[in-house]
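Now for the letters of each chain:
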Amino acid sequence: MVVFSWSGYGKAVMLLIALAANPASDAARMLRNAGVSANEIQEAVIASAPRPCSAARPGSGTPTLDWYGRDLTEVAREGRLDPVVGREDEIEQSLRRAAEAA
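All values reported here derive from a predicted model rather than from experimental measurement.

Rules and cut-offs
- Within each chain, residues carry numbers counting from 1 in the order of the written sequence.
- A pLDDT threshold of at least 70 governs which residues receive local features in this predicted model, and a stricter bar of 80 or more applies before side-chain atom pairs are shown or counted, although totals over entire chains, interfaces and linings include all residues.
- Note that water and hydrogens are dropped before the side-chain values are worked out from all heavy atoms of the structure.
- For helices the rule is a DSSP run of H or I covering at least 4 residues; for strands it is a run of E covering at least 2, with both sets numbered from the N terminus onward.
- Classification of residues uses two cut-offs on accessible area relative to the type maximum, computed with a 1.4 Å probe and protein chains only: under 20% is buried, over 50% is exposed, and between them is partly exposed.
- By the convention used here, residues are in contact when the closest approach between their heavy atoms is within 4.5 Å.
- Think of each axis as a best-fit line through the C-alpha atoms, taken over the contacting stretch in the case of a helix, with angles from 0 to 180 degrees between the N-to-C directions.
- Note on angle classes: values under 35 degrees are labelled roughly parallel, values over 145 roughly antiparallel, values of 65 to 115 roughly perpendicular, and the remainder oblique.
- Should the near helix be turned anticlockwise from the far one by less than a right angle, the crossing is left-handed, and should it be turned clockwise, the crossing is right-handed.
- Here the term charged refers only to Asp, Glu, Lys and Arg, the term nonpolar to Ala, Val, Leu, Ile, Met, Phe, Trp, Tyr, Cys and Pro, and the term polar to all other amino acids, Gly among them.
- Residues form patches when they are more than 30% accessible in relative terms and have no salt bridge. Like charges link within 9 Å. Nonpolar side chains (Val, Leu, Ile, Met, Phe, Trp, Tyr) link within 5 Å.
- A 1.4 Å probe and the Shrake-Rupley method give the accessible areas. Residues count as covered only by the protein chains that appear here.
- For salt bridges, the criterion is a side-chain nitrogen of Lys or Arg within 4 Å of an Asp or Glu carboxyl oxygen.

Before going further, it helps to examine the overall build of the chain. The helix and strand tally for the chain stands at six helices and zero strands. Here the chain, with 102 residues, has 15% of them falling under the buried criterion. Contacts in the chain between residues at least 24 apart in sequence constitute 40% of all its contacts with a sequence separation of at least 6.

This part takes up the packing of helix α1 (residues 10–21) against helix α2 (residues 26–33). The geometry of α1 relative to α2 is characterised by a closest axis approach of 6 Å and an angle of 85° between their N-to-C directions. Between α1 and α2, the angle is such that the two are roughly perpendicular. Along the contact surface, α1 presents Leu 16, Leu 19 and Ala 20, while α2 presents Ala 27, Ala 28 and Leu 31.

Two numbers describe how α1 lies on helix α3 (residues 38–48): the axes approach to 8 Å, and their chain directions differ by 155°. Between α1 and α3, the angle is such that the two are roughly antiparallel. Considering only the axes of α1 and α3, their crossing is left-handed. Of the residues in α3, those touching α1 at Val 13, Met 14, Leu 16, Ile 17, Ala 20 and Ala 21 are Ala 38, Ile 41, Gln 42 and Val 45. Here the contact of α1 with α3 is built from residues that sort into nine nonpolar, one polar and no charged.

So, on to a nonpolar patch on the surface. Together, Val 84, Ile 91 and Leu 95 line one region of the surface with nonpolar side chains, adding up to about 260 Å² of accessible area. Relative to the helices and strands, Ile 91 resides in helix α6 (residues 88–101).

Function cannot be inferred from these measures alone, as they are strictly geometric.
Shown next, in the form of C-alpha cells:
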C-alpha cells in the first residue's frame, strides 16, 4: 500500500506518476520491483488529497480559507496572539530610531 502526504510535493508526485506510468523507464521498473504501480500511486494521491473542512464556521462563504487559514481576530480575542504579529512596520521603525540614536 502506498501512503502519501500532501506536504507541498504535488509537482514531484505528478512527475513520479508520469515516470511510473512509462513502462520503459528505470523508475517504473524499480517501482514494479518494489510492488508499486502508477495506478497505486495515483489512487493514494487522490485518497489523501486535502478536502475542504467540514467543520467550517457556520454560514462561512470561505470554507477553503477556513481550512488553510486562521482567524487572527478570533485568536486575538482569545488572548493567544503575540502582540507583535502584524506590526512589522512599527517594529522596523522602532529599530531604525534606536539605531539612529546609538
